[in-house]
Amino acid sequence: MEPKNILVVDDEEEMRIALKEALHRAGYQVTLAGDGEEGYRLFNQNPAELVIADMRMPKMSGLELLQQVREKSGSVPFVIITAYGSVDDAVEAMKVGATDYLLKPFSADTLDDLLRRVFENGAGAAPSIPAPPRPGKERAGDTSRHIITSNEKMKHTLDIALRVAQSKSTVLIHGESGTGKELVARFIHANSDRSDKPFIAVNCAALPETLLESELFGHEKGSFTGAVVRKYGKFELANHGVILLDEITEMDPALQAKLLRVLQENEIDRVGGREPIPLDIRVIATTNRDLSKAVEEGKFRDDLYFRLNVIPLHLPPLREREGDLEVLIAYFIKKFNSMMGKAIKGITPEAEKTLKSNEWKGNIRELENVMERAVLLAREENITNDDLMLVPQAASLARNDAHADITEPGRTVSEMERRLIERTLQSTQGNRTRAAHMLGVSIRTLRNKLNEYKSSHPESVGQGN
Ligand SMILES: Nc1ncnc2c1ncn2[C@@H]1O[C@H](COP(=O)(O)OP(=O)(O)OP(=O)(O)O)[C@@H](O)[C@H]1O
Ligand SMILES: [Mg+2]
C-alpha cells in the first residue's frame, strides 16, 4: 500500500521540520507549504489524505485554507494547529468543519493519537466528518428559552416572577452580569397576557445620550440634522407589550428625568413631534449594580428609582446557587449535543471538579460558553479537563501566582497571550529558548512578541538571555 500523503502548512520553519520528521517516522509521506496560498496550490496539484495547517499564517490563514479545501473536497480530514491560549481559534475551526485540532505545544504522543483518530475513524478520506454545525445564530432566535434551576432561592424568585407576570407593575431585576436578567424578563413577558404583544429591549449603556433619546422616543423627520426620516421610538414599538430597559443605571440624568415623565404621564413626545402618543406599556428594567447605592451617590434619581423598584427581583450569582451547576452542566450538554449533532454523555469527575472550583464571574453566560466549547471540542463521550480549556496548567499557574488569572473572562486574546508568555518566562527564569519551546513557538516569534511588549510598556517585561 502506498504511504498516505500528508500536507503540512505552517509558516514557522521549525514547526514544519518537526512535523515532517515525526510524520516520516510514523511512515507517512509529507508535503510542506509555508503559507495558506502555497498550501492550497499544492493541495490542488496533489490532493493529500490529511491536511495539517497552522491557524495563523500570513497571506492565507489556516481557517481560510480550511474553507477553500472544504469547498473543493468536502471530506478530506483537516487538522488545525492553534497556539495554547487562542482557544477561540480552535473553536472557530471546528465550527467551520475542521476534523480535529492540535494545541501547541504538543508531544509526539499527542500527534500519534491524533493520526490514529483521524485515520482509524475515517479510514482516510471516508465521509466521517460531521456536517459543520450551523454556527452562531441559534441562540438569538432560540425560542425554547428554558430557565434551568434546582436552587431554592432561584425557585422562589421565579415564583414571584410568575405571580407578578399578569400585572402591569414595573419590575426591576438586579443581578451580576450573565445571571439571566434578560431571560427572566422574557419569562415574565411570556407568562403575561401581553405575550402576543411586542417585547422590545433597549440597552441603555450602549448609546450616547442623544441617540438613546431618539432610540427610546423616536423623532420626526427633520427634527435634527441627520433625522432624514421619521423614526419610531422603542416605546412606541413596544406599545401594548413590554419594554426592557437594560442596564438602566447607565442612563444619563437628563434622560432619567424624561423617562420619569413618560412613566408618570403614560405618554411620549416624539422628538420634534406635536401630539403626545398615549402609552400602555409594561416596563422591566435591569441593573447589574446596586441601584439604591447609585441613588445614595446621587447618580440615579430617587423618584425614578422608586417608580422602577415596584417589584424588585434579585438573581443570585451562580456561585451562590447551590445545586445549579450540576443541572446546568447537564442541560448545556444536551442543548449543544442537539445543536452540534454530537452525543456527549457527561463529564469526567476531574472536569466537574474544575468547573466547581471556578469562580464564574461571568455566571451562566460564562458557563454556557465554556460548555459550548467543551461539547464542540470533546473527543470522548465524557467531557475532560482538556475540553474545558479552563486549562489546568493555566489555572494552577494562576493559583501559584497571586496577581493574575490568565483566562479571566473579558480579557482579550492578546492580553492572555502576553500573560502566558510572561508567566512562562518566569518559570524558565528568563530562558527564552526554553520558554519558546514550552510555548511551541519559535525563538524568533517569542523575540518579536517581547519587542512588541517592550515598545508598549518598556518596564514590564523582564530581561532575557
Ligand atoms: N437559569 C438558566 N438556565 C438556562 N440558561 C440560562 C439561565 N440563566 C441564564 N441563561 C443563559 O445565559 C445567558 C445569559 O443570560 P442573560 O442574557 O439573560 O443574562 P443577563 O443577566 O441579562 O446578562 P448581562 O448582565 O450580561 O446582560 C443566556 O444565553 C441565557 O439563555
Ligand atoms: Mg442582559
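Details of the structure are given in the entry above.
Residues numbered from 1 in each chain as written. Chains lettered and ligands numbered in written order. Predicted model: local features only at pLDDT ≥ 70, side-chain atom pairs only at ≥ 80, totals over all residues.

Peer 1: Would you explain the overall build of the protein in this entry?
Peer 2: Helix and strand counts for the protein stand at 21 helices and 16 strands. The buried share of the protein, taken over its 465 residues, is 34%. The long-range fraction of contacts in the protein, counting pairs at least 24 apart against all pairs at least 6 apart in sequence, stands at 67%. (Helix = DSSP H or I, 4+ residues; strand = E, 2+ residues; numbered from the N terminus. Buried ≥ 20, exposed ≤ 12 C-beta atoms within 10 Å, placed from the backbone. Contact = placed C-beta atoms within 7 Å.)

Peer 1: I would appreciate a short explanation of the sheet that holds strand β3 (residues 50-54) in the present structure.
Peer 2: A sheet is described by the order of its strands in space; here five strands give the open sequence β2-β1-β3-β4-β5, paired in parallel fashion. One side of each edge strand has no neighbouring strand; the edge strands of this open sheet are β2 (29-33) and β5 (100-104). Ignoring which end each strand starts from, the neighbouring axes of this sheet average 20° apart. As paired elements, strand β1 (residues 5-9) and β3 share four bridges and run parallel to each other. (Pairing = 2+ DSSP bridges. Axes fitted to C-alpha atoms, helices over the stretch in contact; angles between N-to-C directions.)

Peer 1: Explanation requested: the sheet that holds strand β10 (residues 242-246) in the structure shown.
Peer 2: The pairing of strands in a sheet happens through backbone hydrogen bonds and is either parallel or antiparallel. With respect to topology, five strands assemble into an open sheet ordered β7-β10-β13-β6-β14, the strand pairing being parallel. In the strand order of this sheet, the two ends are held by β7 (199-203) and β14 (311-315), each with one partner. Within this sheet the neighbouring strands show an average axis-to-axis angle of 20°, counted without direction. Against the sheet, helix α7 (residues 152-165) touches β6 (171-175) and β14, its axis set at about 150° to β14.

Peer 1: Help me understand helix α1 (residues 13-25), please; the structure alone is not making it clear to me.
Peer 2: Compared with an ideal rise of 1.5 Å per residue, which puts 13 residues at 18 Å, α1 spans 18 Å between its outermost C-alpha atoms and is within 8% of the ideal. Directly after α1, the chain includes Gly-27, whose backbone phi takes a positive value near 90°. (Expected span 1.5 Å × (residues − 1).)

Peer 1: It is not clear to me how the site of ligand 1 should be interpreted in this structure. Could you clarify?
Peer 2: In the vicinity of ligand 1, 18 residues are found, and the nearest of them are Gly-180, Lys-181, Glu-182, Leu-183 and Ile-364. Looking at the shell around ligand 1, the elements with two or more residues in it are α8 (181-190) and α16 (363-377). Among the residues making up the shell around ligand 1, the classes are represented as four nonpolar, eight polar and six charged. Inspection of the shell around ligand 1 shows a minimum of three residues originating in each of domain 2 (152-315) and domain 3 (324-456). (Near = placed C-beta within 6 Å. Nonpolar A, V, L, I, M, F, W, Y, C, P; charged D, E, K, R; others polar. Domains from an automatic or database assignment.)

Peer 1: Teacher, can you tell me more about unusual backbone geometry here?
Peer 2: Trans is the prevailing form of peptide bonds, just as negative phi is the prevailing case for residues other than glycine. Cis geometry is found at the peptide bond from Lys-104 to Pro-105, where omega equals -5°. Along the chain, the position of Pro-105 falls in the loop between β5 and α5 (108-122). Of note in the backbone geometry, Glu-247 takes a positive phi value of approximately 55° without being a glycine. With respect to the secondary-structure elements, Glu-247 resides in the loop between β10 and α11 (253-265).

Peer 1: Even after reading the chapter, I still don't get the pairing of β2, so can you show me in this structure?
Peer 2: Bridge count for β1 against β2 is five bridges, and the pairing is parallel. By the bridge assignment, Asn-5 is partnered in β2 with Gln-29. For the handedness criterion, the β-α-β arrangement of β1, α1 and β2 is classed as right-handed. (Right-handed = clockwise from strand over helix to strand, strands pointing away.)

Peer 1: Help me out: how do you make sense of helix α9 (residues 209-217) in this one?
Peer 2: Owing to its 3.6 residues per turn, the α-helix brings residues three or four apart onto one side. Buried within α9 we find Leu-212, Ser-214, Leu-216 and Phe-217. Looking at the buried positions of α9, the neighbouring elements they touch are β7, β8 (218-219), β9 (231-232), α10 (234-237), α11 and β11 (267-268). Downstream of α9 by one or two residues, Gly-218 has phi in the positive range, about 80°.

Peer 1: Just to check I follow, could you spell out the nonpolar core for this structure?
Peer 2: Nonpolar side chains tend to gather and get buried jointly when the protein is soluble and globular. Counting 62 residues, the largest nonpolar core has Val-51 and Ile-80 as its most contacted members. In this structure, this core is formed jointly by two domains, domain 1 (5-122) and domain 3 (324-456), each of which donates at least three residues. Sequence-distant contacts of Ile-80, defined by excluding residues within four places in its chain, comprise Ala-53, Met-55, Gly-62, Leu-66, Ala-90, Ala-93, Ala-98 and Tyr-101. Ranked by size, the runner-up nonpolar core spans 33 residues in total, among them Val-184, Val-202, Leu-212 and Val-242. (Core = buried A, V, L, I, M, F, W, Y, C linked by C-beta atoms within 7 Å.)

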